[in-house]
Amino acid sequence: MKYENQILFLDGKLTKFTVPDLLHELLQYKGKKINTIDLSGVSSIDSAGTAFLDELVLNLQDFKPQLVNMSKIVESAVSTFSSLSIKKPVSGRKENFFISIGEGLLRWRDSVREAIYMVADIFYWSFVGLFNRKNQRKGSIIQQSLIIGVDAGGIIALLSFILGLILALQSAAQLRQFGANIFVADLIAISMVTEMGPILTAIILAGRSGSSIASEIATMKVTEEIDALRMMAINPIRYVVVPKFLAITICIPLLVTLSTLVGIFGGLLIAITYLDLSAVVFFDRVFEVLTTKDVLVGLGKSFFFAWAIVIIGSYYGFKVKGGAEGVGKVTTQSVVASIFWVIILDAISSLIFYFKV
Amino acid sequence: MKEPIISVRDLVSKFGEQTILHDVSLDIYPREITVILGRSGCGKTTLVKNILQLFQPNSGSVKIFNKEVTTMDELEFNSMLSKIGMLFQNGALLNSLTIFDNVSIPLEQHTELSVDIIARMIRVKLKLVDLTQAENMLPAELSGGMKKRAALARAIALDPVILICDEPSAGLDPLTSASLDELILKLKNLLKMTIVIVTHELASIHRIADRIIFLDEGRVLFSGTLQEAKKTSIPEVETFFRVGKFG
């Protein structure tokens, strides 16, 4: 590259490999008047080279530079690859603050409406599915029960045992000071049956099964499998969601019972080894403090947790947009929303059954 | 005689027990459009993927730019890939990125060009494939033909020396298909590209092919120029060029 009498002479190759260096070299002629760019020395040029010439012409537009002495091949490349005539597409209109809020509210209203329709659909088809098994895959409820229930049993049992152990250990340290060792049984029994068992099970299911439901349905949607089901006159809710819904309804009381029992055994271990209580005394106390209401409330609310997990997972799965990234996004959203609603439902049930004025 | 830019010798490729390619040998010459033909399942896509090392062949040699690629280390092969563009059968665009961002990927990864220059190059490539107004759209918002054109824009983003297209015309209407052929011819003439195309479209073959490679059940049945292919007495090839169908 050289500069003489307001003419910039370019030579050699103008390609993606040489353009970065040429841009650096060009800095030395910054501010100089250039009204002609001589390309007689250019031996080859590609689209990067042409983009470089476009940028150069644009930056020197005050001097209206002319490209001269182009060989046939350079001229042909410039005419094909020049981007000067391409107009940048206009991006969408800018919305003002109030329009954004209004549109957000309308979107929220549509989402709520869609969710209500879906919940109604799921309950309707689940109820119908109990009596009419036509149009359902054979063995799908058993298969889903194995995936949602049996496969989750191990991790739920392990975490419940550890939780029971921790609860007992931390409360034992305080209770020992007052000689109230025996009350550790009360604490473990009531907390595991009414609170920890159902909520721990629900949170594990939200992370495990909720995410799997959302990602499965979302993947089916982006790969047009849901459309294919519709085209075969198969209701996707009935075919895909209902088996999961029925399976989780069957599994949740069993998993909560497992979690509660194993959690109590975790507490028993501490009671025996740390508080010198016997198993007979511990269980006597457990059966004494627990009421039927506690057991029914613990099991009853777990059904609502389970249904919320399936409904939220399915809702986000069907809501997916885009491809792989969209699937990841709705999966995360479904887990967060499931855990949020499990805790809200738990708070509502506590208010209903235990709040006394 | 020209030196081949891609040279395949005794290539054998298997899926489990099934042999897809039997001792395939062929040459692709620079600045030519070579069309690979053959009925569905004859191993065309496997051959292309073996050449590009997307599937490792079981045995045989593949030379690109006179370098053996089956034994090449990853770093060297990756640098070679910046000279090769591939248009996949289904486009293979990244669905989470806009068309503009999809085309920018190879430019950002393989060059040190400034953002302004890259933006210009992307817009030129999008203009070439007539997708200027779609740059902010996501692939999911495009039709099948538009996706394929966007994928072609990405394949030619780096002005590759070799462009490989797996069934570029599949799913396109005849007019779009013809304009794509014109574009491919333009790329060949202007950028002196070597182009390998897997296609069944007879009209397209007549328009663009310099050389034909006819595969049948994993073997090369015919290899020669378009004129030679039209005159050959090999029944399968002769039937295809006479009636536009595989015999």
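Residues numbered from 1 in each chain as written. Chains lettered and ligands numbered in written order. Predicted model: local features only at pLDDT ≥ 70, side-chain atom pairs only at ≥ 80, totals over all residues. Heavy atoms only, no water.

The domains assigned to chain A are domain 1 (2–81) and domain 2 (104–348). Put simply, the middle of domain 1 of chain A and the middle of domain 2 of chain A, counted by C-alpha atoms, are 67 Å apart. (Domains from an automatic or database assignment.)

So, on to unusual backbone geometry. One non-glycine residue, Asp276(A), adopts positive backbone phi at about 55°. Its location among the elements puts Asp276(A) in the loop between α8 (236–273) and α9 (279–289). Of note in the backbone geometry, Asp130(B) takes a positive phi value of approximately 60° without being a glycine. Note that Asp130(B) resides in the loop between α4 (115–128) and α5 (144–155). (Helix = DSSP H or I, 4+ residues; strand = E, 2+ residues; numbered from the N terminus.)

Once that is clear, we can look at a nonpolar patch on the surface. All names here are of chain A. A grouping of Ile 155, Leu 158, Leu 159, Ile 162 and Ile 166 is seen on the molecular surface, where their side chains present a nonpolar patch of about 390 Å² in accessible area. Along the polypeptide, Ile 162 turns up in helix α5 (residues 140–177). Assessed through its relative accessible area of 37%, Ile 162 is described here as partly exposed. (Patch = residues over 30% accessible without salt bridge, like charges linked within 9 Å, V, L, I, M, F, W, Y side chains within 5 Å. Areas by Shrake-Rupley, 256 points an atom, 1.4 Å probe, with all protein chains shown as cover. Salt bridge = Lys/Arg side-chain N within 4 Å of Asp/Glu carboxyl O. Buried < 20%, exposed > 50% of the residue type's maximum accessible area, 1.4 Å probe, protein only.)

Let us look at the environment of Phe214(B). Inspection of the secondary structure puts Phe214(B) in strand β9 (residues 211–216). Residues Phe214(B) and Glu201(B) lie 13 residues apart in sequence; the distance between their C-alpha atoms is 13 Å.

Before going further, it helps to spend a moment on the interface of chain A and chain B. Between chain A and chain B, the contact holds 27 residues from the first and 25 residues from the second. Counting each side, the surface lost to burial between chain A and chain B is near 2400 Å², with a carbon and sulfur contribution of 67%. Across the chain A-chain B interface, the total number found is one salt bridge. Arg120(B) is the salt-bridge partner of Glu55(A), the closest N and O atoms lying 2.7 Å from each other. Summed over the shared surface of chain A and chain B, the result is five residue pairs in polar contact (both at pLDDT 80 or more). Of all the secondary structure elements, the ones that give two or more residues to the side of chain A that touches chain B are α1 (19–26), α2 (47–59) and α3 (72–81) of chain A. It is α2(A) that provides the largest number of residues to the side of chain A that touches chain B, a total of seven residues. (Contact = heavy atoms within 4.5 Å. Buried area = accessible area lost by both parts, 1.4 Å probe. Polar contact = N/O pair within 3.5 Å; in protein donor to acceptor, adjacent residues only side chain to side chain.)

Quick look at the layout of surface pockets now. All names here are of chain A. For the largest pocket, the calculated volume is near 1700 Å³. Lining the largest pocket are 49 residues, and of these Tyr 315, Tyr 316, Phe 318, Lys 319 and Val 320 lie nearest its centre. If one sorts the elements of the lining of the largest pocket by residue count, helix α4 (residues 97–131) sits on top with twelve residues. Here the lining of the largest pocket is built from residues that sort into 26 nonpolar, eleven polar and twelve charged. (1 Å grid on protein atoms, 1.4 Å probe; cavity = no way out; pocket = protein on both sides within 12 Å on 5 of 7 lines; lining within 4 Å. Points joined across faces, edges and corners; volume = space filled by probe spheres on them. Nonpolar A, V, L, I, M, F, W, Y, C, P; charged D, E, K, R; others polar.)

Let us now look at the pairing of strand β8 (residues 194–198) of chain B. Residues and elements named next belong to chain B. Counting buried residues along β8, five of its five residues qualify, which places the element largely inside the surrounding structure. Of the two faces of β8, the one lined by Thr 194, Val 196 and Val 198 and the one lined by Ile 195 and Ile 197 are each fully buried. Relative to β8, strand β3 (residues 33–37) runs parallel, the two sharing four bridges. From the neighbouring strand, Val 35 faces β8, where its bridge partner is Ile 197. Bridge analysis of strand β7 (residues 162–166) against β8 gives five bridges, and the strand direction is parallel. Note that in β8 the partner of Leu 163 across the bridge is Ile 195. (Pairing = 2+ DSSP bridges.)

To continue, consider the environment of Gly171(B). Residue and element names in this part refer to chain B. Tracing the chain through its elements places Gly 171 in the loop between β7 and α6 (174–191). Judged by relative accessible area, which is 79%, Gly 171 ranks as exposed. Linking Gly 171 and Gly 145, residues 26 residues apart in sequence, is a C-alpha distance of 6.8 Å.

Another point: the packing of α5(A) against helix α6 (residues 183–222) of chain A. Residue and element names in this part refer to chain A. Here α5 crosses α6 at 145°, and the two axes come no closer than 9 Å. At the point where α5 passes α6, the crossing takes the right-handed sense. Of the residues in the contact of α5 with α6, the class split is 19 nonpolar, six polar and two charged. (Axes fitted to C-alpha atoms, helices over the stretch in contact; angles between N-to-C directions. Left-handed = near helix turned anticlockwise from the far one by under 90°.)

Two pairing modes exist for strands in a sheet, parallel and antiparallel, and in both the strands are linked by backbone hydrogen bonds. Residue and element names in this part refer to chain B. Ordered in space as β6-β7-β8-β3-β9-β10, the six strands form an open sheet in which the pairing is mixed. Single-partner strands in this sheet number two, and they are β6 (84–87) and β10 (219–225). Shown here is a sheet whose adjacent strand axes are inclined to one another by a mean of 15°, direction ignored. This element, helix α1 (residues 44–51), spans β3, β6, β7, β8 and β9 of the sheet and lies at about 130° to β3.

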